[in-house]
Structures are given as structure tokens and as C-alpha cells.
Amino acid sequence: MKMAKIVILGAGVSGHVAAAHLRRKLSKQHEVLVVSPNSNYQWIPSNIWVGIGRMKSKEILFPLPPLYKKKGISYKQAKVTSFYPEGDIETTEPFVNVEYVVGDKKGVSEKVTYDYLINATGPKLAFDMTEGLNPGTNKAYSVCTYSHAEHAWNALNELIQQMKQGKKAKILIGTGHAKSTCQGAAFEYILNVEQELRRHNVRDNAEVIWIANEHQLGDFGMDGMLLSYGNNIMKSSEMVEMVFEDRGIKWIIGAGVNKIEDGVAHYETLEGEYKSETYDFAMLIPAFSGHGFKAYDKNNSDITEKLFKGFMLVDADYTPKPYEEWSVQDWPETYQNPSYKNIFAPGIAFAPPHAISKPRLSKNGTSISPAPPRTGMPSGITAKLVADNIIDSINSKNKMKHKGSMGNMGAACIASAGFGMTKGSGVSITTFPIVPDYNKYPETQGRKLGKTFGEIGLAGHWLKLALHYAFIYKAKMKPFWWLIPE
Amino acid sequence: MTQRISKSKRFYMMNPIIQFFKFIWLSIKILVIVAGGHGGTREAKN
Ligand SMILES: Cc1cc2nc3c(=O)[nH]c(=O)nc-3n(C[C@H](O)[C@H](O)[C@H](O)COP(=O)(O)OP(=O)(O)OC[C@H]3O[C@@H](n4cnc5c(N)ncnc54)[C@H](O)[C@@H]3O)c2cc1C
């Protein structure tokens, strides 16, 4: 059998899952190489707790190079810059150009050839798409990475100390762009911040405000959902409204934030009004975009549109169509690029066919509605199935047998609502399927009730904490790690 | 602040003993949903 070289770009949830499964299941004659600029693995969901000072960065990350060395996974601390899926005049094999980011080789470019390529580079955190939004400036912060979250906690802590001296403060949390996604992370953060304010006895001095591009609370970029809640059936909007009212959190929705100045967020509403909100501390999720990679054919002609449409093109149906004609069948199943069959893009790196939430325009024609989220669980599941299809292909077995459409996959979102073994809380929501199937489940907003449910309480916090430890254990590839599902 | 969660409901949400059983129930339920499999959607259509 010919030795195969599998190159994985990115070592986040999907890149690392793919690398781990490939290495476990493929014999050592095949090479698994990871290229990623950050040499640490981070369990991103726990950044929320770093952002409220209840966890340290070091508790949510670990260095990858020693693990990769031990497991026989090659590693380059570099970032991909361009794609050559046909090779070029000098190199007949397909390759990517990578640029080292540290050490003696910093800034040096290198061609990395491959037989199979997994693009798991996730999103670019596109702060630049909102004027003035840059973590740590204008009193606005982010919790999207552990260093951002640490920074956010330092600023929040400083404000809490001032509030202890009697300062009244306004805290604004939500989305920082009209097309942001990841509302769930901001939702967790606002509830955690609110609880911390109470713990520090300064809650009465704070006005806590949610600002989001959702047209309704609880949309989460998933068109909202109808949930089983105890013996009742509830809309996610009602559930979030109940929690916000109970916690004294105000909300501004249908808001596309377009500019940040020192302590002021400017936004446009779906009604077409231009408004602003002042704040003393803000955490705003930026837009997520593709990385702007370029691709070339063997004659050096630009073929970027064969590989990318912002994110990477895969086996989705990208035909533009109105919301009423969207279907689950538009969503990809194998995450394989249609032009180059040895390239795959699991996790956030693939270009979705369209949003999940109904697109909405303001009266001025500005698009204000969430982009589709791709959370940790689908990122892991899609990475594993890509790895399994590559293994089958190497072993000349049934090709592309493993499929996982977000229209036929469940996801759990355990949203932390406050930290603490006895005082903590969590909003546990599961959805099946992630992308609503309005044909299959016409009466229940496209989802299966029972498998789509919500729960609020202390158990949610314990579960979130248990998942933190379980997923870090799994990521460290400790004994029997593969028994823990994605 | 508007009290939207009743005292009895809040007791249920925060009582460690009740929540311990809830934790077990939630873990199993989530495992079943998530590990319950995934697949394509197109074959079903055709
Ligand atoms: C604050 C926050 C909280 C969240 N909480 C939850 C949660 O509770 N539950 C949940 O399910 N999901 C949660 N998510 C979403 C979850 O983190 C993502 O779904 C997941 O990280 C996506 O995985 P990914 O591998 O596609 O991308 P990422 O995890 O972003 O990984 C991308 C990787 O690519 C690397 N990379 C970037 N550029 C390059 C380049 N040029 N070349 C090579 N490598 C590159 C990066 O360094 C990184 O290693 C949360 C997200 C955030 C931001």
C-alpha cells in the first residue's frame, strides 16, 4: 500500500479531532501532519469562565507539540497562506504554502505537499468588519480566545472594584456586527457576568443589557426552536425572556452594531432607526469570516472561486434561493470539496449554503440577522467523519460512506448561566436536528420535540463542568479517549 | 427584576439532591441524542 500523507490545517476542535482519529486508526506508515499557528489546544467553551475570573487560561489549554510528538503526529507551528491543489510548475503534487510564525524560521514560507488535505482553520474573528471594534479598545472586549477572555476579566474586575466604591455602571453584552453568529456564547457570558455582579454585591449598581442581531430572543442563529420544557412546550424566545426578566437583564434585539466609539455602541435596528447605547464595559462577538485564502492552479492562475466562497466550498447546494425554498438537503454531508476530491473542510471552515435563521433586512436595506452557528459538537462530528472517509479511501474501501448533515444530527448546547458548585446554573438545550427540517417536523418548527428540549438549573452547571474535564481528557488523548463521543 | 421563576421552581432548580438526579438524567438523555447517530439527508429524499 502506498504511504499517504494527510495534512490538517488548524488544531482547534475539528482539526485536533481529525488528527487524533486519523492517528489512532491509521498505521504508522501513513503520515499525519498538523499545521497550526497556535501551539496550544484550547477548550473554547470554558473561555466564558476565564472571562469572569473563575478559571485561569492554563486550566483550559495545554501545549500540543509534546502530545503530538508522543502520538506520532507531525506538527508545524505555521499558518497556511495559499492553496495549490494541482501543484505548480515545479511541484507536481498538490501543496499548500505555509509560513512559520515562531522561532528561527519565523516568516519563512514552505511548500507542504499532501495526498489529503483537511482545512480546519475555523473562522477569522473579523473585528475589522465593525468600525472601532477591537478587543481591549473603546471599553469593548471579547471572550473568543483565552487571551481575549483574560483581558475582558481584567477590565470587568476593575469595573467591579469601582462599583464597590459606589460607581453606577452599564454593561452591554451581545453581538458586535449585524451578521454575527455565536449568540450562545454571548448569552452564557451575560448570565455569568450577572451572577458575578451579585456575588460581588454590586448588582444594584449595574444595568445589564443584551444587544443582538436576532429578531427575537433565543433565535441563536438557528431560527429559534420549540422545546420540551418539563411537561410544557415552550419557544426558546419565551425561555430566554423568562431568564432575562428573572435576572433583571434588559434587551435590545434586531440590532446591527456598526460602529464602536469609546463607551458607545452605534447600531441600526430592523425598523431602520439609527441609535446608540453607552456602556462602561462591553463584550461583543465579532462577525466570523473566512480567512481570505487564495488558491492557484498548476499554471499559477487564480482559482480561488473553486475552493472558497468566504469559507471553503464543500458538497452543499449553493444555488441562491429564497428562504421559503431552503431545505435540509442543501446542507453538506461529507464536507468534500467538489472540484478537488482530496480536500475537506469540517467544523466552521466550510461555507454554509445559507443561513439557518430567516434573513431580515432593515427598512434601509441593511441585512440584520444571525449567520449560522457551527458549535463544538458538529465541528467534532464532521471532523471525525471526514477522517473516517479518508481512512476508507486510503484502504480502498467504500468511498464517502460516512455522512453527517447538520439536518440529520443533534447537538447539545449546555449554556453556563453562572459558576459555582452550589450556586451555579446552566441552561441545557438540545436540538434535533440542528438545521430545522420543516418537511419532516412541520408541526414543531422543524425539530423533533423530546429530542429538542430545555432544562434550567444547577445540574446544567455540573454538566458543563463535567464536559470541560471530559473534553480536555479526550483532547489529551488519555487512555480510552475515543470512547468519549464528539 | 421581575420574578418569573416561582419559589418552588427555583428550589427545584437549585436543590443539590434533586439536581444530582437531574444531572444523571440529563447526561444520559444528551448522550442518547448525540451518540444516537447522524447521517445524510439526500438519500432519504430520493
Ligand atoms: C466564547 C465561545 C464559547 C463557545 N461555547 C461553546 C459551547 O459551549 N458549546 C459548543 O458546542 N460550542 C461552543 N463554541 C463554539 C466552538 O468553540 C466552535 O464550534 C469550535 O471551536 C469550532 O471548531 P473549529 O475547529 O472549526 O474552529 P476553531 O476551534 O476556531 O479552530 C481553528 C483552528 O485553526 C487555526 N488557524 C487559524 N488560521 C489558520 C491558518 N491560516 N493556518 C492554519 N491554521 C489556522 C487556529 O489557530 C485554530 O487552531 C463557543 C465559541 C466561543 C467563541
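None of these values were measured; they are calculated from a predicted model.

Could you give an account of the overall build of chain B, naming the residues involved and the relevant values?
The helix and strand inventory of chain B stands at three helices and zero strands. The C-alpha extent of chain B, read off along each of the three principal axes, is 50 × 25 × 10 Å. By the burial criterion, 26% of the 46 residues in chain B qualify as buried. About 3300 Å² of surface is accessible on chain B, with carbon and sulfur atoms providing 66% of the total.

How would you explain the overall build of chain A if you had to name every residue and give the values?
Helix and strand content of chain A: ten helices and 28 strands. Here chain A has a C-alpha radius of gyration of 22 Å; the compact-globule value for 486 residues is 23 Å, and the two agree. Taking the principal axes of the C-alpha coordinates as reference, chain A spans close to 70 × 50 × 45 Å. Looking at chain A as a whole, 63% of its 486 residues qualify as buried. For chain A, restricting intrachain contacts to residue pairs at least 6 apart in sequence, the fraction spanning at least 24 positions comes to 68%. With an accessible surface of roughly 18500 Å², chain A has 51% of that area assigned to carbon and sulfur atoms. Taken together, the 56 basic and 48 acidic charged side chains of chain A have centroids lying 7 Å from each other.

So what's going on with the pairing of strand S28 (residues 453-457) of chain A? Which residues, and what values?
In terms of burial, S28 of chain A is a largely internal element, five of the five residues being buried. Burial of the side chains of S28 of chain A extends over both faces: Phe453, Glu455 and Gly457 of chain A are buried on one face and Gly454 and Ile456 of chain A on the other.

Any details on the confidence of the model for chain B? Residues and values, ideally.
Residue and element names in this part refer to chain B. Chain-level statistics for chain B give a pLDDT mean of 85 and a share of 93% at 70 or above. Predicted confidence in chain B is weakest over helix H3 (residues 42-45), with a mean pLDDT of 64, and strongest over helix H1 (residues 7-14), with 90. Interface confidence for the predicted complex, expressed as ipTM, amounts to 0.92; the pTM equals 0.96.

Break down the pattern of salt bridges for me, with residues and values.
All names here are of chain A. For the structure on display, the rule yields 29 salt bridges over all chains. Here Arg203 ties to Glu194 by a salt bridge, and the two come within 2.6 Å at their closest N and O atoms. For Arg203, a relative accessible area of 8% puts it in the buried group. Note on Glu194: relative accessible area 0%, which makes it buried. Three or more residues joined by partner-sharing salt bridges are found here, namely Glu194, Arg198, Arg203 and Arg247.

Got a sec to walk through the sheet that holds strand S12 (residues 169-175) of chain A? Specific residues and values, please.
All names here are of chain A. Reading across the sheet, the five strands line up as S11-S20-S12-S13-S16 and stay open at both edges, with parallel pairing between neighbours. In the strand order of this sheet, the two ends are held by strand S11 (140-141) and strand S16 (250-252), each with one partner. Bridge count between strand S13 (residues 206-211) and S16: three bridges; the pairing is parallel. Residue pairing across strands places Trp210 opposite Trp251, the latter belonging to S16.

So what about the site of the ligand? Which residues, and what values?
All names here are of chain A. Taken together, the neighbourhood of the ligand is formed by 31 residues, with Ser14, Ile348, Arg374, Gly376 and Lys464 sitting nearest. Within the complex, 87% of the 990 Å² of free accessible area of the ligand lies under protein. Those elements that place two or more of their residues in the shell around the ligand are helix H1 (13-25), strand S6 (78-84), helix H6 (183-199) and helix H9 (376-394). In terms of residues, the shell around the ligand owes the most to one element, H9, which gives three residues. Partitioned by chemical class, the residues of the shell around the ligand number 16 nonpolar, eleven polar and four charged.

So, the interface of chain A and chain B: which residues are in play, and what are the values?
At the junction of the two partners, chain A supplies 47 residues and chain B supplies 30 residues. Of the roughly 3300 Å² buried between chain A and chain B, counting both surfaces, carbon and sulfur atoms make up 64%. On the chain A side of the interface with chain B, the three residues burying the most area are Asp246, Gln329 and Trp462 of chain A, jointly 19% of the side's total. Linking chain A with chain B are five salt bridges. The shortest N-O distance in the salt bridge between Asp315 of chain A and Arg42 of chain B comes to 3.7 Å. Taken together, the connections running from chain A to chain B amount to 18 residue pairs in polar contact (both at pLDDT 80 or more). For the side of chain A that touches chain B, the elements supplying multiple residues, two or more each, are helix H7 (236-247), H9, strand S26 (411-418), strand S27 (425-431), S28 and helix H10 (458-475) of chain A. Here the side of chain A that touches chain B is built from residues that sort into 20 nonpolar, 13 polar and 14 charged.

Which residues make up the packing of aromatic side chains, and what values do they have?
Inspection of every chain in the model, using the stated rule, returns 21 aromatic pairs over all chains. Taking 5.4 Å as the distance between ring centres and 70° as the angle between the ring planes, the aromatic pair formed by Phe187 of chain A and Phe220 of chain A counts as edge-to-face. Taken together, the residues Phe187 of chain A in helix H6 and Phe220 of chain A in the loop between S13 and strand S14 (226-229) connect sequence positions 33 residues apart. Both residues of the pair, Phe187 of chain A and Phe220 of chain A, count as buried. Ring pairs connect the aromatic residues Phe187, Trp210, Phe220, Phe244 and Trp251 of chain A, which therefore count as one cluster. Note that Lys22 of chain B overlies the ring of Trp25 of chain B, its terminal NZ or CZ placed 4.7 Å from the centroid.

Let's hear about a nonpolar patch on the surface: which residues, and what values?
The grouping of Ile17, Phe20, Phe21, Ile24, Ile28 and Val32 of chain B at the surface amounts to a nonpolar patch, some 630 Å² of accessible area in total. With respect to the element layout, Phe20 of chain B can be found in helix H2 (residues 16-35).

Could you give an account of the packing of helix H5 (residues 146-164) of chain A against H6 of chain A, naming the residues involved and the relevant values?
All names here are of chain A. Where H5 contacts H6, the axes come no closer than 12 Å and their chain directions differ by 35°. The chirality of how H5 crosses H6 is right-handed. Of the residues in H6, those in contact with Ala152, Leu156, Ile160 and Met163 of H5 are Tyr189, Val193 and Leu197. Considering only residue class, the contact of H5 with H6 consists of seven nonpolar, no polar and no charged.

Got a sec to walk through the pairing of strand S15 (residues 232-235) of chain A? Specific residues and values, please.
All names here are of chain A. For S14 and S15, the ladder comprises four bridges, and the chain directions are antiparallel. Among the inter-strand pairings, Leu226 is bridged to a residue of S15, identified as Lys235. Here S14 folds back onto S15, and the loop between the two strands holds two residues, one of which, Gly230, carries a positive phi near 60°.

Criteria and cut-off values
- Residues numbered from 1 in each chain as written.
- Chains lettered and ligands numbered in written order.
- Predicted model: local features only at pLDDT ≥ 70, side-chain atom pairs only at ≥ 80, totals over all residues.
- Heavy atoms only, no water.
- Helix = DSSP H or I, 4+ residues; strand = E, 2+ residues; numbered from the N terminus.
- Buried < 20%, exposed > 50% of the residue type's maximum accessible area, 1.4 Å probe, protein only.
- Areas by Shrake-Rupley, 256 points an atom, 1.4 Å probe, with all protein chains shown as cover.
- Rg over C-alpha atoms; globule rule 2.2 N^0.38 Å.
- Contact = heavy atoms within 4.5 Å.
- Lys, Arg positive; Asp, Glu negative; His and termini not counted.
- Charge placed at Lys NZ, Arg CZ, Asp CG, Glu CD.
- pLDDT = per-residue confidence, 0-100.
- Salt bridge = Lys/Arg side-chain N within 4 Å of Asp/Glu carboxyl O.
- Pairing = 2+ DSSP bridges.
- Near = heavy atom within 4 Å.
- Nonpolar A, V, L, I, M, F, W, Y, C, P; charged D, E, K, R; others polar.
- Buried area = accessible area lost by both parts, 1.4 Å probe.
- Polar contact = N/O pair within 3.5 Å; in protein donor to acceptor, adjacent residues only side chain to side chain.
- Phe/Tyr/Trp six-rings, centres within 6.5 Å; stacked < 30°, edge-to-face > 60°.
- Lys NZ or Arg CZ within 6 Å of the ring centre and 35° of its normal.
- Patch = residues over 30% accessible without salt bridge, like charges linked within 9 Å, V, L, I, M, F, W, Y side chains within 5 Å.
- Axes fitted to C-alpha atoms, helices over the stretch in contact; angles between N-to-C directions.
- Left-handed = near helix turned anticlockwise from the far one by under 90°.

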